[in-house]
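# Structural description and commentary
These are the residues of each chain, in order.
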Amino acid sequence: MSRSLVKRFAPYLAGRIRENHRLLNFSSVSALNEASSSSSSQSDTSSSLEVVHLSDNCIRRMKELQSSEPEKKLLRLGVETGGCSGFQYVFELDSKTNHDDRVFEKNGVKLAVDNVSYDFVKGATVDYVEELIRAAFVVAENPAAVGGCSCKSSFMVKQ
């Protein structure tokens, strides 16, 4: 019975993987084109819809983390395929930026987003939430997302 179930769902899963791969490749090409055509400073010319915002809770938590570290870390936000809705957010603490990063800063706290992930999160707000079952950085609002799971770690992209 489980073998027939796998055979029935394999085409569906393969289609979802192809679609996610297509969206990531399209986003990657558009991000590279945008980066090569832009020669001005990103922070000075960004409108509100192009900036990734940091909430007060996010800034507070990052300052707490930075105070306990000898080297000042920045928060890195990435997007990868997976999760229950097709794409998932990935947060990491990092000590350096890469050449393809977009860096957003508020009150001394820096958020780095690579060019590929940027198209999926521009205009979004990063928050820090403390709940009974977990405490984590989350993307609270994302204009590029049409839906997602209740844990706010995965989302679907507007087409």
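Structural data are supplied above this passage.
Residues numbered from 1 in each chain as written. Predicted model: local features only at pLDDT ≥ 70, side-chain atom pairs only at ≥ 80, totals over all residues. Heavy atoms only, no water.

### Quick notes on the pairing of strand β6 (residues 125-130)
Within β6, 5 of the 6 residues are buried, leaving the element largely enclosed by the surrounding structure. Looking at chain direction, strand β1 (residues 53-54) and β6 are connected through 2 bridges and run parallel. Bridge pairing in β6 links His53 to Thr125. Pairing of β6 with strand β7 (residues 135-141), which is carried by 6 bridges, proceeds in the antiparallel orientation. Each bridged residue has a counterpart across the sheet, and for Thr125 the counterpart in β7 is Glu141. Counting the residues in the hairpin turn of β6 and β7 gives 4 residues. (Buried < 20%, exposed > 50% of the residue type's maximum accessible area, 1.4 Å probe, protein only. Helix = DSSP H or I, 4+ residues; strand = E, 2+ residues; numbered from the N terminus. Pairing = 2+ DSSP bridges.)

### Focus: the pattern of salt bridges
Here the structure, examined in full by the defined rule, presents 7 salt bridges. Across the salt bridge formed by Arg76 and Asp94, the nearest N and O atoms sit 2.9 Å from each other. Remark: Asp94 occurs in strand β3 (residues 87-94) and Arg76 occurs in strand β2 (residues 74-81); sequence separation between them is 18 residues. Exposure class is identical for Arg76 and Asp94. Each is buried. For Arg76, the salt bridge goes to Asp101, with nearest N and O atoms at 2.8 Å. Note that Arg76 is positioned in strand β2 and Asp101 in strand β4 (residues 101-106), a separation of 25 residues in sequence. A residue is classified by how much of its surface remains accessible, and Asp101, at 8% relative accessible area, is buried. In this structure, a network of salt bridges that share partners links the residues Arg60, Arg61, Glu64 and Glu130. (Salt bridge = Lys/Arg side-chain N within 4 Å of Asp/Glu carboxyl O.)

### Comments concerning helix α3 (residues 56-67)
The end-to-end C-alpha distance of α3 is 17 Å, a good match for the 16 Å that 12 residues give at a rise of 1.5 Å each. The complete set of buried residues in α3 reads Cys58, Ile59, Met62, Leu65 and Gln66. Along the axis of α3, the buried positions cluster into a sector of 125°, meaning they face one direction only. Opposite the buried face of α3, by more than 90 degrees, sit the exposed residues Asp56 and Ser67. (Expected span 1.5 Å × (residues − 1). Arc of directions from axis to C-beta.)

### Regarding the nonpolar core
Counting 25 residues, the largest nonpolar core has Val52, Leu77, Leu111, Val113, Val121 and Val126 as the members making the most contacts within it. Secondary structure elements with two or more residues in this core: α3, β2, β3, β5 (109-114), α4 (115-121), β6, β7 and β9 (154-157). Counting residues per element, this core draws most heavily on α3, at 4 residues. With residues near it in sequence (within four places) discarded, Val126 still touches Val52, His53, Leu54, Ser55, Cys58, Leu75, Leu77, Phe91, Leu111 and Val138. (Core = buried A, V, L, I, M, F, W, Y, C linked by side-chain atoms within 4.5 Å. Contact = heavy atoms within 4.5 Å.)

### Regarding the sheet that holds β1
Strand order in the open sheet made by the 3 strands is β1-β6-β7, with mixed pairing throughout. Unpaired on one side and paired on the other, β1 and β7 mark the two borders of the sheet. In the packing of α3 onto the sheet, the strands contacted are β1, β6 and β7, and the crossing angle to β6 comes to about 70°. (Axes fitted to C-alpha atoms, helices over the stretch in contact; angles between N-to-C directions.)

### Regarding the pairing of β3
In terms of strand pairing, β2 meets β3 through 8 bridges, oriented antiparallel. Within β3, the residue paired with Thr81 across the bridge is Phe87. In this structure, the hairpin formed by β2 and β3 is closed by a connection of 5 residues, where Gly82 is found at a positive phi of approximately 135°.

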